[in-house]
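Spelled out from the first residue to the last, the chains are:
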Amino acid sequence: MTEPRGQMKSSNATSSAVMELQSASGQSNFRRVSRTEDSSPYPIPGLAADILHMRVKEGSKIRNLLRFATARMQGEGKDSNGTLLRQVVFTGSGRGVTKTITCVEILKRKVGGLHQVSKLYYKTVKEVWESQQPGAPGITMQRTVPAICILLSKDPLDPQETGYQPPPNPKCSHRGRRESVCSQLPSP
């Protein structure tokens, strides 16, 4: 268990309580009772209510997330109306942000031709810790953590939207180089 960090809000939250979070023997004197995240709406406007939403967490297995999302995006899955899924949203916060980006990049290579809109924002996470020692007060911590929301779509999206990335040019394999290299390729 890692030591909790952030802003503390407790009636008896003193500096000594912070020092007691980790004892000298290395075992924690507190255990986390609950963790809640604010339920803010997606930062991407105009999303359908029944869109496929992949919540990526720190402990999520990339293999499992991709197997599910790939099956739905390649035509094996249908939404509640019986139509094929054309969009998926990946969200992750805190330590799950890098795993979210990894999932999106792998899915873009597997499926191909996907338009992308990425939005960064912050979430508020509230954690309640209770003391292992009888009679000692608990601690409520409120932290602000980074989060990411990435929309992948088979259909074209608004290129004027902040965070928009068009599908990669299949003829250009110069990843990481300036786009002028790809624009110099002969057209068919």
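Since we're looking at a predicted model, the values are computed, not measured. (Residues numbered from 1 in each chain as written. Predicted model: local features only at pLDDT ≥ 70, side-chain atom pairs only at ≥ 80, totals over all residues. Heavy atoms only, no water.)

Across its full length, the protein chain carries 4 helices and 7 strands. Each helix (α) and strand (β) of the protein chain, taken in turn from the N terminus, gives the series β-α-β-β-α-β-α-β-β-β-α. Out of the 188 residues in the protein chain, the part that is buried amounts to 32%. When contacts within the protein chain are restricted to residue pairs at least 6 apart in sequence, those whose partners lie at least 24 apart make up 74%. Within the structure as shown, the protein chain displays about 12000 Å² of accessible surface, and the carbon and sulfur contribution to it stands at 50%. (Helix = DSSP H or I, 4+ residues; strand = E, 2+ residues; numbered from the N terminus. Buried < 20%, exposed > 50% of the residue type's maximum accessible area, 1.4 Å probe, protein only. Contact = heavy atoms within 4.5 Å. Areas by Shrake-Rupley, 256 points an atom, 1.4 Å probe, with all protein chains shown as cover.)

On to the nonpolar core, then. Residues M54, V88, F90, L107 and L152 are the most contacted members of the largest nonpolar core, which totals 18 residues. Those elements that provide at least two residues to this core are strand 3 (52-56), helix 2 (62-76), strand 4 (87-93), helix 3 (97-111) and strand 6 (139-153). Grouped together as the second largest cluster of nonpolar side chains are 10 residues, I51, V89, C149 and L151 included. (Core = buried A, V, L, I, M, F, W, Y, C linked by side-chain atoms within 4.5 Å.)

If you walk through the whole model with that rule in mind, you get 10 salt bridges. Its salt-bridge partner being R31, residue E130 comes within 2.7 Å of it at the nearest N-O pair. Taken together, the residues span a long stretch of sequence, with E130 in strand 5 (residues 115-131) and R31 in strand 2 (residues 30-37) at a distance of 99 residues. Assessed through its relative accessible area of 33%, E130 is described here as partly exposed. Note that R143 is salt-bridged to E127, the shortest N-O span being 3.2 Å. Taken together, the positions of R143 in strand 6 and E127 in strand 5 put the pair 16 residues apart, joining distant regions of the chain. Residues participating in the shared-partner salt-bridge network are R32, R35, E37, K123, E127 and R143. (Salt bridge = Lys/Arg side-chain N within 4 Å of Asp/Glu carboxyl O.)

Note that every value here comes from positions in space, so none of it alone points to a role or purpose.
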